[in-house]
Amino acid sequence: MIYLDHAATTSVCPRAVAEMKKCLEIYYGNPSGAYEFAQQCKEKIETARKQVAKSINASKDEIYFTSGGTESDNWALFGTVRACRYKGKRGRHIITSCIEHHAILNSCKALEKQGYRVTYLPVDERGVISLRDLERAIRNDTILISIMYANNEIGTIQPIDEIAKIAKKYNIYFHTDAVQAYMHIPIDVKKSGIHMMSVSSHKLCGPKGTGFLYISKGCDIEKFIYGGKQESNMRAGTENVPGIVGMGAAVEEGFKNMYKKNLKTANVRDYFLSRIENEIEDVRLNGAEPGNERLPGNLNISFKGIEGETLLIILDMNGICASAGSACNTGEPGISHVIESIGVPKEYADGTIRFTLGEENTVREVDFVMDILKTAIKVLRE
Ligand code: PMP
């Protein structure tokens, strides 16, 4: 198998597996218990909290463990608007972008049904929002700006520091979905001025069903899940101890030599791109050029006149894992909202494939994929 779908999920690193195994077999106590054994389990969670907090220069009481990126995104949005309503503040307007993950977009749609107003900022052909558009969209009643750090389909990185500055200038909360960016871009939440940030564990060689929401101190956000007093009385329910501990271990491992690993991934990605561009006609790279505005492993390519789903089946038959343009299970057929938003022409848009590389992918694997890809495209175009 050649795995080129790292933006969908990653394998769990051996250290995370080993730590998780200990939590399943030895430290199985409920961290809420008062006795020593339970407290040992609680200690394990607190170690993970420190590991995660350190990675983004947060303090450990600003980290709230969740069930993943989707829950973190939902919490940031619903939690902020509820706090504003409950505390009697004015404010019914949210600003986001049109290329967000559905965890944000569908939350916004739900909020619109409840009477909130949402501005969906357009993006340019690279997938970047305009700071002028952002500033123009701000109203007296704007309570939240939520813009993703990096896009899951085309890998475009947004000017997060500049967005945070604008949010600060107008005294508006700023949330970023960093599910794809974290571990590929160094993030300092304090330096950047981010109020809330969503992260998911299964994109960073940790287990599935775990993640966290960073909430900066002083941020007025309503709790999301009601019940017991776990997570500082902000998110109820017995913690997913193995998941959280596995994520903490994966974070610590992942940040070792992060630059080197990302550089290696980018080099293999660039080799892949140059071969596609040189050896296959009528192709289009979607998103920003490789460099600072694009995630190191992302390659989103449209092949003119090709049915993307058919190409994916051929790749799959040859043991190659990749995704179509719309990489998420939204149940919505057709061209993805991201590909549409960056204006990919129809004759290209249907044939969009996302390859997302990880540090273990090699030039030899790319060579194999190129052989299959070239033959498949030739046959499909005949
Ligand atoms: N946001 C982005 C940008 C994502 O790529 C994903 C995962 N596809 C999510 C949120 C949701 O994360 P999770 O799978 O942990 O719910």
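Rules of the game
Here the residue numbers are simple positions, counted from 1 along each chain's written sequence. Whole-chain, interface and lining totals are the exception, using all residues; otherwise, since this is a predicted model, local features are given only for residues with pLDDT of at least 70 and side-chain atom pairs are given and counted only at 80 or more. UniProt positions are given in the numbering used here, feature names are shortened, and annotations may be inferred rather than shown by experiment. Only DSSP runs of H or I with at least four residues qualify as helices, and only runs of E with at least two residues qualify as strands; both kinds are numbered from the N terminus onward. Each radius of gyration is computed over the set of C-alpha atoms, and the globule rule expresses the reference value as 2.2 Å times the number of residues to the power 0.38. Working definition of burial: number of other C-beta atoms within 10 Å of the residue's own, with buried at 20 or more, exposed at 12 or fewer, and partly exposed in between, all C-beta atoms being placed from the backbone. Any residue pair is listed as a contact if its two C-beta atoms, each placed from the backbone, are within 7 Å. We call a residue near a molecule or strand if the C-beta atom, set from the backbone, is within 6 Å of it. For this scheme, ten residues count as nonpolar: Ala, Val, Leu, Ile, Met, Phe, Trp, Tyr, Cys and Pro. Four count as charged, namely Asp, Glu, Lys and Arg, and the remainder, Gly too, count as polar. Pairing between two strands is assigned when DSSP locates at least 2 bridges connecting them. As a rule, the C-alpha atoms of each element are fitted with a line to give its axis, helices using only the stretch in contact, and angles between N-to-C directions run from 0 to 180 degrees. Domain extents, as shown, originate in an automatic or database domain assignment. Expected helix span is given by 1.5 Å per residue-to-residue step, counting one fewer step than there are residues.

- The protein chain is annotated in an unreviewed UniProt entry as cysteine desulfurase from Butyribacter intestini.
- Per its UniProt entry, the protein chain bears the Cofactor (unreviewed entry) comment "pyridoxal 5'-phosphate".
- For the protein chain, the Catalytic activity (unreviewed entry) comment in UniProt is given as "(sulfur carrier)-H + L-cysteine = (sulfur carrier)-SH + L-alanine".

1. Re the overall build of the protein chain
Okay, step 1: Looking only at helices and strands, the protein chain has 14 helices and 13 strands in total.
Okay, step 2: Over its C-alpha trace the protein chain gives a radius of gyration of 21 Å, about what one expects of a compact globule, namely 21 Å for 382 residues.
Okay, step 3: Seen through its C-alpha atoms, the protein chain measures out along the principal axes to roughly 65 × 55 × 35 Å.
Okay, step 4: The buried share among the 382 residues of the protein chain stands at 48%.
Okay, step 5: Residue pairs at least 24 apart in sequence account for 75% of intrachain contacts in the protein chain once pairs closer than 6 positions are excluded.

2. Topic: the site of the ligand
Okay, step 1: The local shell around the ligand holds 15 residues, among which G68, G69, T70, N152 and S200 are the closest.
Okay, step 2: Per-element tally for the shell around the ligand: the top contributor is helix α3 (residues 69–86), with three residues.
Okay, step 3: Broken down by class, the residue content of the shell around the ligand amounts to four nonpolar, nine polar and two charged.

3. Quick notes on the sheet that holds strand β9 (residues 283–285)
Okay, step 1: Read across the open sheet, the four strands follow the order β9-β10-β13-β12; overall the sheet is antiparallel. In this open sheet, the two strands that pair with only one neighbour each are β9 and β12 (323–324).
Okay, step 2: Here strand β10 (residues 298–303) runs beside strand β13 (residues 352–356); their pairing, made up of five bridges, is antiparallel. The residue bridging N298 from the neighbouring strand is T356, located in β13.
Okay, step 3: Docked against the sheet, helix α11 (residues 308–317) engages β10, β12 and β13, running at close to 40° with respect to β13.

4. So, the domain arrangement of the protein chain
Okay, step 1: The domains assigned to the protein chain are domain 1 (14–255) and domain 2 (257–381).
Okay, step 2: Here the C-alpha centroids of domain 1 and domain 2 sit 28 Å apart.
Okay, step 3: Listed as interface residues are 23 residues of domain 1 and, on the opposing side, 22 residues of domain 2.
Okay, step 4: Split into classes, the residues belonging to the side of domain 1 that touches domain 2 amount to 10 nonpolar, 10 polar and three charged.

5. Re helix α2 (residues 36–55)
At 3.6 residues per turn, the α-helix brings residues three or four places apart onto the same side.
Okay, step 1: If you check α2, its first and last C-alpha atoms are 29 Å apart, about what 20 residues at 1.5 Å a residue would give, namely 28 Å.
Okay, step 2: Within α2, the full set of buried residues consists of C41, K42, K44, I45, A48, R49, Q51, V52 and S55.
Okay, step 3: Those residues of α2 that are buried are in contact with α1 (14–25), β2 (63–66), β8 (211–215) and α9 (241–255).

6. Comments concerning the sheet that holds strand β4 (residues 117–121)
Okay, step 1: Strand order in this open sheet of seven strands is β2-β8-β7-β6-β5-β3-β4, and the pairing throughout is mixed. In this open sheet, the two edge strands, each paired with only one partner strand, are β2 and β4. Going from strand to strand, the sheet's axes swing by 20° on average, the running direction of each strand aside.
Okay, step 2: In this sheet, β4 lies alongside strand β3 (residues 93–97) in parallel orientation, the contact comprising five bridges. Each bridged residue has a counterpart across the sheet, and for I94 the counterpart in β4 is V118.
Okay, step 3: Along the sheet face, helix α4 (residues 102–113) touches β3, β4, β5 (142–146) and β6 (173–177) and points at about 155° away from the line of β3.

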